[in-house]
Amino acid sequence: MYGDLEGRNKAQVVQELGEDAVQQFRTGFFGRPPPMSPTHPHWHGRERKYSDLQQGEIPMGESLQDTMERAEVLWHSRIKPDLLAGKNVMVMAHGNSLRGIVKIVDNLTAEEITRVWIPNGIPLVFKFQHRNMTPIAMKDAVSPLSGQFLEKEGLLRAALAKEKELAQRVPGYEAWLASTSSNSVLMPSPTIRTQFDPILSSLNRLNYERELMNLAAMNGSVLEALKLTSPDRNYSQVTSSLQQFDIPSIANNRRNGTTKSQRKRPISTTKTQRKRISFPSKGNSTVNKLVIIRHGKTEYNKMGIFTGWEDAPLSEEGRAEARRAGKLLLKHKIDFDIVYTSWLSRAIETAWLVLDEMDLLWLPISKTWRLNERMYGALTGLSKSMIKEIYGDKQFKQWRRSYTTRPPATSSFSSVYPGNDDRYVKNVRDVRFSMFESLIRSISHGKVELHRKFPKTESLKDCMSRTIPYYTDIIVPNSIEKGKSVLISSSENAIRGLLMYLCGIPEDKINEVEIPTGLPLVYNFEKRCIQLLDDGKERENSVGLVSEYNFGSSPDLLFKPCSSDDEEDSSDDSGCFLDGYGLGDKSYKHDPIIRIVENDEDDYEVDVDDEFSEEIESDEW
């Protein structure tokens, strides 16, 4: 953590503090940069990802020693115990954090670790003697490390040489010195700017624009500020676009704590929109949310194949669905504290893509086999149309949608049996051992083996017997009862069973419910129903948002329409939500759509920095 220096140009910091001082912060062991104050624009105490830390626990600035001390805590509490348990561990982190772990592993001195460089994107592998955790010296290890970089020798030498060069000199400083003059001190020239990578270039431009606004506020004119920073530049091309900004007012608002402009993005409305229901953001409400999403579409889905526990990846269409879901959740300011997924990659990747769009990739993700899709047994990997053709429509529907009927079981030695998949064999601990499976595998392999009783086929009832206890015994007490907002990313039948439990759907009706791919379903705890998120599109017909998705033949089981008695009974406190939004002819016990709040300014405000940057980027400089 570089303290007060975070976000600043390294070359300019060298100009202020001297290269020796900056090198102590960058590559020394004890050098600590100037501390960051809570007023710093990058102050991490304002970031929700660190909300579980006390104010005094957030570092103001760190030396390499400080960084290594917190990495050491992780080593002893999580990494080392997993290694001692016989697990292979991958640590994905940042250069100085990894150097901290390397220092512990190889017991390096403070002086030795300052000579260790870890290039970007090249795996560094350590092996240990199991009992005493002593690292084993690898054949191609680079001194003073015992571990080996997995890279071709020539490329590795080049990468290490580059890291050493970067450590010895501040990147870009000499070029920056050559470009600076007494008349131009804020922005490197275009030829110098291209020597930085795209991120640094963007940050450099943003910093320049902020300085420009401050100068404009002091001098009363954008053009005067531009002439102060770079007097030789031709500004005729940018004059018209900059004149629309009241830069002094923007700067004054910034000083007064206002960081948003008052210009709103247009929103489409219709005359029938009589009622809007808000869904408060995390910062304005303690109401926790439960959002359930079926993974995006896979190629198996598109081809009509029984997928089950087969680990089918998302298709491009499925990835797009997941990203749209993330954008929609972000638009409604729905936030999460934790994510639960199955062990199937399609559910995990869907969660990643949703979180990526919401800038929440840092959230903890809890994965469990208990949220896996229903096990389709011997039907796994087979065409649905072929099965329907062979066995008839009635049997096909029984296997696919009934509550208690199981498809034909797969064999113990089938490739689709979970007992032949290392992810389940090595990691599942909450399934009892099977005497039959243990016996046949011991005979087959010529040695005694214990084998767990993994499912060879499942009905929806069987699937619920593992998903519902996980929800009630793990998700509810650990997250929902603690006020956390939860995202569950899973597969259709796991979700059908969960909604059957949550919405009180009868056993003989669940076969009438289907779940669309990639669509966020918000569970209403009070009404025991689900709601959809308004996507902001104007709808002129009577189809409505609910009817645009395939929820099966009885979507009413999920959205709870009003009965005639409900509509006639005016004494009912909850009343009925009358169709005013083109939802068809039905009325509902609650609004099935969570509306975008029309009068919430935060929904439509544009950040000053973004707005100003977009206008400036559109011109030739």
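You'll find the structure just up there.
Because the structure is predicted, anything quoted here is derived from the model rather than measured.

Trainee: Can you break down the packing of helix H16 (residues 384–391) against helix H17 (residues 393–401) residue by residue, with the values?
Mentor: Helix packing for two helices is described by the angle between their axes and how far apart those axes are. The geometry of H16 relative to H17 is characterised by a closest axis approach of 7 Å and an angle of 130° between their N-to-C directions. The angle between the axes of H16 and H17 places the two elements in the oblique class. Together, Lys384, Ile387, Lys388 and Tyr391 of H16 and Asp393, Gln395, Phe396, Trp399 and Arg400 of H17 make up the contact between the two elements. When its residues are assigned to classes, the contact of H16 with H17 shows four nonpolar, one polar and four charged.

Trainee: Could you give an account of the pattern of salt bridges, naming the residues involved and the relevant values?
Mentor: Any two side chains of opposite charge can pair, so long as their charged atoms come close to each other. Considering all chains together, one arrives at 26 salt bridges under this definition. A salt bridge links Arg70 to Glu62; its shortest N-O distance comes to 2.8 Å. Judged by its relative accessible area of 45%, Arg70 falls in the partly exposed class. The partner of Lys302 in a salt bridge is Glu299, with the nearest N and O atoms 3.7 Å apart. Of this pair, Lys302 and Glu299 both sit in helix H13 (residues 299–303), separated by three residues, roughly a single helical turn. According to the relative accessible area criterion, Lys302 is partly exposed, its value standing at 45%. Within the structure, one salt-bridge network assembled from shared partners comprises Arg294, Arg401, Glu492 and Glu514.

Trainee: Help me get a handle on the packing of aromatic side chains, residues and values and all.
Mentor: Describing an aromatic ring pair means giving the distance of the ring centres and the angle of the ring planes. Here the structure, examined in full by the defined rule, presents 13 aromatic pairs. Consider the rings of Tyr471 and Tyr501, whose centres lie 6.2 Å apart with planes at 70°: the pair is edge-to-face. On the criterion of sequence distance, the pair formed by Tyr471 in helix H20 (residues 460–478) and Tyr501 in helix H21 (residues 492–503) is long-range, its members being 30 residues apart. Members of the aromatic cluster, joined through ring pairs, are Trp309, Trp343, Trp369, Tyr424 and Phe454. The lysine or arginine in question, Arg441, covers the ring of Phe413, its NZ or CZ lying 5.4 Å from the ring centre. Lying over the aromatic face of Tyr417, Lys456 brings its terminal NZ or CZ to 5.6 Å of the ring centre.

Rules used throughout
Residues numbered from 1 in each chain as written. Predicted model: local features only at pLDDT ≥ 70, side-chain atom pairs only at ≥ 80, totals over all residues. Heavy atoms only, no water. Axes fitted to C-alpha atoms, helices over the stretch in contact; angles between N-to-C directions. Helix = DSSP H or I, 4+ residues; strand = E, 2+ residues; numbered from the N terminus. Parallel < 35°, antiparallel > 145°, perpendicular 65-115°, else oblique. Contact = heavy atoms within 4.5 Å. Nonpolar A, V, L, I, M, F, W, Y, C, P; charged D, E, K, R; others polar. Salt bridge = Lys/Arg side-chain N within 4 Å of Asp/Glu carboxyl O. Buried < 20%, exposed > 50% of the residue type's maximum accessible area, 1.4 Å probe, protein only. Phe/Tyr/Trp six-rings, centres within 6.5 Å; stacked < 30°, edge-to-face > 60°. Lys NZ or Arg CZ within 6 Å of the ring centre and 35° of its normal.

Nothing here speaks to function; it is geometry throughout.
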